[in-house]
Amino acid sequence: MSVETGISLETLAAKAPEAAEFMRHFSNANRLMLLCYIAQREAAVSDIQEELGIKQPALSQQLAELRQAGLVKTRRQSRQVFYSIADGRAEAVMKMLFRLFCNPGSKLADEATSAPLTEPAASSLGGAAHFARIIPPA
């Protein structure tokens, strides 16, 4: 059992593939920008294209991937398609990323950039990945 989180290593190991697949959707700069923009407001495809400057084929491909993953949802109004965040986890990740990267001078951003990187303690896990639960300050 993990002392800090109270979650067993078996549970962490079982959830790691799902978490990795979820986080993969944030690893592309265009998808990340799309999620950041959509997380702030529901937006029509034409507005997204104009504001972000992503060309139509790439925009369609990235939106389709986010939609297929269940991270965004669509709403049709006449001929326009509007996108908004569909997954609360994606919204939480976007809020945390905004606080860490887009809000310089915030306590959380300062702590994240000034915290020293340390080697993890040796354990019986060998090369297994270690996971942490991040709890933002209130």
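Residues numbered from 1 in each chain as written. Predicted model: local features only at pLDDT ≥ 70, side-chain atom pairs only at ≥ 80, totals over all residues. Heavy atoms only, no water.

An unreviewed UniProt entry annotates the chain as Metalloregulator ArsR/SmtB family transcription factor originating from Ensifer adhaerens.

### What to know about the sheet that holds strand β2 (residues 72–77)
Pairing in this open sheet of three strands is antiparallel, and the strands run β1-β3-β2 from one edge to the other. Every interior strand has two partners, whereas the edge strands, β1 (43–44) and β2, have only one. The pairing of β2 with strand β3 (residues 80–85) spans six bridges and is antiparallel. Each residue of the ladder has a partner; that of lysine 73, found in β3, is serine 84. (Pairing = 2+ DSSP bridges. Helix = DSSP H or I, 4+ residues; strand = E, 2+ residues; numbered from the N terminus.)

### Description of the side chain of serine 84
Along the chain, the position of serine 84 falls in strand β3. Serine 84 gets classed as buried once you look at its relative accessible area, which sits at 15%. In contact with serine 84, other than residues within four places in its own chain, are Ile38, Glu42, Leu71, Val72 and Lys73. (Buried < 20%, exposed > 50% of the residue type's maximum accessible area, 1.4 Å probe, protein only. Contact = heavy atoms within 4.5 Å.)

### Quick notes on the packing of helix α2 (residues 29–40) against helix α4 (residues 56–68)
For the pair α2 and α4, the least separation of the axes is 10 Å and the interaxial angle reads 70 degrees. Between α2 and α4, the interaxial angle falls into the category roughly perpendicular. Contacts from Asn30, Arg31, Leu34, Leu35 and Ile38 of α2 reach α4 at Leu59, Gln62, Leu63, Glu65 and Leu66. (Axes fitted to C-alpha atoms, helices over the stretch in contact; angles between N-to-C directions. Parallel < 35°, antiparallel > 145°, perpendicular 65-115°, else oblique.)

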